[in-house]
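Residue strings, one per chain:
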Amino acid sequence: MSFQSQYLLSVYQAVCQRNAGEPEFLQAVQEVLESLEPVVNKRPDLVKAGIIERLVEPERMIQFRVSWVDDKGEVRVNRGWRVQYNSAIGPYKGGLRLHPSVNASILKFLGFEQTFKNSLTGLPIGGAKGGADFNSRDKSEGEVMRFCQSFATELTKHIGADTDVPAGDIGVGPREIGFMFGQYKRLSNEFTGTFTGKSLYSGGSWVRKEATGYGLCYFAQEMLSHIKQDSFEGKTVVVSGSGNVAIYASEKAAQLGAKVVAMSDSDGYIYDENGIDLEVVKQIKEVERGRIKSYAERVPGAVYTPGCGEIWSVKCDVALPCATQNEINGEQAQQLVNNGVSVVAEGANMPCTPEAVEIFRANHVLFSPGKASNAGGVAVSSLEMCQNSMRYSWSFEEVDAKLKWIMANIFHNAYQASEEFDHKGDLVIGANIAGFLKVAEAMKWQGVAY
Ligand code: NDP
Ligand code: 2IT
């Protein structure tokens, strides 16, 4: 542990005691608190207001039973949560994750990260996350619908357009949002913008589907251009995952002149030296809900290798981890460095372990933390809320231009904060400080309690 400030060390030790057995939450808190050393020195007023002690505790956490009936007529029970993490700068906002690994630690880490990310967008949204330990992979469409309806029945009691606005995350795309939104609308008898990521037929926004992946590339392009006077043009790119974020990150990277040569799912990865044919990936993943392995069966010359972690052995200039937390460890980071990687931009939330981040820092790899570079998704969600409130919709081009501007702005704010707080170019520190300061000022202004 590397805290110089006794105050931060004691806050962190209290967090460890109170949240024992929650490794992901502790990891996320430690990373942010370590970044706040320079703030603690310069802003004793925020220390006195107890902002950091309050920020390491979610405002509210709801846990509930989700019971539903499977295709055989048997009753099934899952556990659902909504973590309403922080509402200092706007209504709670953040995605829902459906994955068998989901637990309180993961959702608290995601809610904590979301609070700073949403602040970085410059838009008026607080932080939240939710989900359930449900595996949609082996379920029929009817089972997914009944699960989502049961989940939304409970969630409806706690959300609203000005209270808490959920969206997608791992395992939750337009299909699941549709089932949940439909149930919410039935129960509330209101058509409001209480979910984002809705269908374009039902109040959704253009570019929301593409937003996280496109935003990631807009951010990385700005970072490359500002720091290295470089661009995506001619770069070889590896993208992990083959879900929503990965697909649209690959699409934008290719549009910007790069060649994406590898993608993965939790079973393994594909390598295509000619550049991945995204239409084939979209057909497999978005239409058939199949496995990435079948890409190699359809595209001549492509190779499939079992084991998703092996993807980091592929030589590349730019690595975009877009699958899940802790998917790049120290060893894999070293492998990337040995192979000459020059940019790592996180599309997933906390995909790099602290050891991996240290290795990138030590080797002068341009590195952007997820809370900055993957903020495009929630930014366009916020634009969706805005359009819903106005009962209006902007064109694809209008939303895309706003997204591009927001991502460049996040980069410059994080970069500027890194300079101002004596760590020029360290975007982990810059993003954490820039995200923190806005929330902290709002909390201080609103007084104690939440
Ligand atoms: P999807 O469910 O669409 O895709 C997830 C992808 O990651 C799949 O290819 C999946 O493979 C893979 N994956 C999931 N869990 C694991 C695991 N334990 N090990 C290896 N691979 C895994 O999710 P998204 O694309 O929406 O989300 C990806 C990441 O981006 C997450 O970290 C999410 O929090 C983050 N994010 C998402 C945003 C959004 O707008 N959707 C916004 C900002 C961040 P498989 O099918 O085999 O499970
Ligand atoms: O991690 C994230 O930022 C998301 N899953 C998107 C959240 C949102 O509300 O759009």
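Residues numbered from 1 in each chain as written. Chains lettered and ligands numbered in written order. Predicted model: local features only at pLDDT ≥ 70, side-chain atom pairs only at ≥ 80, totals over all residues. Heavy atoms only, no water.

With respect to unusual backbone geometry
Backbone phi values are negative for most residues with the exception of glycine, while trans is the configuration of most peptide bonds.
Here is step 1: At Met-350, a residue that is not glycine, the phi angle is positive and equals roughly 55°.
Here is step 2: Secondary-structure assignment places Met-350 in the loop between β11 (343–345) and α14 (354–362).
Here is step 3: Phi is positive for His-364, close to 55°, though the residue is something other than glycine.
Here is step 4: By relative accessible area, which is 69% here, His-364 ends up exposed. (Helix = DSSP H or I, 4+ residues; strand = E, 2+ residues; numbered from the N terminus. Buried < 20%, exposed > 50% of the residue type's maximum accessible area, 1.4 Å probe, protein only.)

Quick word on the UniProt feature "binding site: NAD(+)" (unreviewed entry) in the protein
Here is step 1: Mapped onto the present numbering, the UniProt feature "binding site: NAD(+)" (unreviewed entry) falls at Thr-212 and Asn-244. Despite a sequence span of 33 residues, these residues sit close together in the fold, their greatest C-alpha distance being 8.1 Å.
Here is step 2: Mapping Thr-212 onto the fold places it in helix α9 (residues 208–228).
Here is step 3: Sequence-distant contacts of Thr-212, that is, excluding residues within four places in its chain, are made with Val-245, Gly-347, Asn-374, Gly-376 and Gly-377.
Here is step 4: In this fold, Asn-244 is placed in helix α10 (residues 244–255).
Here is step 5: When its relative accessible area of 36% is taken as the criterion, Asn-244 is described as partly exposed.
Here is step 6: Of note is the side chain of Asn-244, whose polar atom sits 2.9 Å from the backbone oxygen of Lys-209. (UniProt positions renumbered as here; feature names shortened; annotations may be inferred. Contact = heavy atoms within 4.5 Å. Polar contact = N/O pair within 3.5 Å; in protein donor to acceptor, adjacent residues only side chain to side chain.)

A closer look at the packing of aromatic side chains
One pair of aromatic rings is described through two measures. These are the centre distance and the angle between the planes.
Here is step 1: Counted under the stated rule, the structure contains 18 aromatic pairs.
Here is step 2: Judged by centre distance (5.5 Å) and plane angle (45°), the ring pair of Phe-3 and Tyr-12 falls under tilted. Comparing Phe-3 with Tyr-12 shows no difference in burial state: the two are buried.
Here is step 3: Centroid distance Phe-64 to Phe-151: 5.3 Å. Interplanar angle 50°. Geometry classified as tilted. Here the residue Phe-64 occupies a position in strand β1 (residues 60–69), and Phe-151 occupies one in helix α7 (residues 141–155), the gap between them amounting to 87 residues. (Phe/Tyr/Trp six-rings, centres within 6.5 Å; stacked < 30°, edge-to-face > 60°.)

What about the packing of helix α13 (residues 330–338) against α14?
Here is step 1: α14 packs onto α13 with a crossing angle of 25° between their chain directions and a minimal axis gap of 7 Å. The angle between α13 and α14 falls in the class roughly parallel. Two packed elements cross with a definite hand, and for α13 against α14 that hand is right-handed. Along the contact surface, α13 presents Gly-330, Ala-333, Gln-334, Leu-336 and Val-337, while α14 presents Glu-355, Ala-356, Ile-359 and Phe-360. (Axes fitted to C-alpha atoms, helices over the stretch in contact; angles between N-to-C directions. Parallel < 35°, antiparallel > 145°, perpendicular 65-115°, else oblique. Left-handed = near helix turned anticlockwise from the far one by under 90°.)

Quick word on the nonpolar core
Here is step 1: Residues Leu-33, Ile-52, Met-263, Tyr-295, Leu-320 and Phe-436 are the most contacted members of the largest nonpolar core, which totals 107 residues.
Here is step 2: When residues of this core are assigned to their parent elements, the largest contribution, 11 residues, is made by helix α18 (residues 427–446).
Here is step 3: Look past the residues within four positions of Leu-33 in its chain and what remains in contact with it is Phe-3, Leu-8, Val-11, Tyr-12, Ile-52 and Val-56.
Here is step 4: In this structure, Tyr-269, Val-344, Ile-359 and Val-365 belong to the second largest nonpolar core, which totals 23 residues. (Core = buried A, V, L, I, M, F, W, Y, C linked by side-chain atoms within 4.5 Å.)

Description of the site of ligand 1
Here is step 1: Near ligand 1 you find 26 residues, and of these Asp-169, Thr-212, Ser-266, Arg-291 and Asn-349 are the closest.
Here is step 2: For ligand 1, an oxygen atom lies 2.9 Å from a polar atom in the backbone of Val-245.
Here is step 3: The contact in question runs from an oxygen atom of ligand 1 to an N or O atom on the side chain of Ser-266, over 2.4 Å.
Here is step 4: For ligand 1, whose unbound accessible area comes to 890 Å², protein coverage reaches 84%.
Here is step 5: Per-class residue counts for the shell around ligand 1 are 6 nonpolar, 13 polar and 7 charged. (Near = heavy atom within 4 Å. Areas by Shrake-Rupley, 256 points an atom, 1.4 Å probe, with all protein chains shown as cover. Nonpolar A, V, L, I, M, F, W, Y, C, P; charged D, E, K, R; others polar.)

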